[in-house]
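Structural features, examined
One-letter residues, chain by chain:
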Amino acid sequence: MATAILALGLLLVAEGLLWALAPGLIEAMLEALRALDHAQRRLFGLGALAAGVALLWLAKSLGA
């Protein structure tokens, strides 16, 4: 449970930094996402999910 809370906290810190430091970049990225169809967005989301799970597994296996 602590790992999930840590992961959520890190996600919020990263998201907050992006919105605070580069709001124009975020808007450009959202426009680029709007140009993709639903299947491409779903595939991108699944890739991000897999990468996140792999990173959490790696951190847990390294003893974090």
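Residues numbered from 1 in each chain as written. Predicted model: local features only at pLDDT ≥ 70, side-chain atom pairs only at ≥ 80, totals over all residues. Heavy atoms only, no water.

Once that is clear, we can look at the packing of helix H1 (residues 2–21) against helix H2 (residues 23–34). Axis separation between H1 and H2 bottoms out at 5 Å; the angle between their running directions is 105°. Considering the angle they form, H1 stands roughly perpendicular to H2. Here Leu18, Trp19, Ala20 and Leu21 of H1 come into contact with H2, specifically with Pro23, Ile26 and Leu30. Class assignment for the residues of the contact of H1 with H2 results in 7 nonpolar, no polar and no charged. (Axes fitted to C-alpha atoms, helices over the stretch in contact; angles between N-to-C directions. Helix = DSSP H or I, 4+ residues; strand = E, 2+ residues; numbered from the N terminus. Parallel < 35°, antiparallel > 145°, perpendicular 65-115°, else oblique. Contact = heavy atoms within 4.5 Å. Nonpolar A, V, L, I, M, F, W, Y, C, P; charged D, E, K, R; others polar.)

Further remarks concern the environment of Lys60. One can find Lys60 in helix H3 (residues 38–61). Residue class for Lys60 comes out exposed when judged on its relative accessible area of 52%. The spacing of Lys60 and Leu49 is 11 residues in sequence and 16 Å in space, taken between C-alpha atoms. (Buried < 20%, exposed > 50% of the residue type's maximum accessible area, 1.4 Å probe, protein only.)

The grouping of Trp19, Leu30, Leu33 and Phe44 at the surface amounts to a nonpolar patch, some 400 Å² of accessible area in total. Along the chain, Leu30 turns up in helix H2. Leu30 sits in the partly exposed class, given a relative accessible area of 34%. (Patch = residues over 30% accessible without salt bridge, like charges linked within 9 Å, V, L, I, M, F, W, Y side chains within 5 Å. Areas by Shrake-Rupley, 256 points an atom, 1.4 Å probe, with all protein chains shown as cover. Salt bridge = Lys/Arg side-chain N within 4 Å of Asp/Glu carboxyl O.)

Let us look at the pattern of salt bridges. Scanning the entire structure with this criterion turns up 1 salt bridge. With its nearest N and O atoms 2.6 Å apart, the salt bridge here joins Glu31 to Arg34. Taken as a pair, Glu31 and Arg34 lie in helix H2 at a separation of 3 residues, close to a single helical turn. According to the relative accessible area criterion, Arg34 is exposed, its value standing at 53%.

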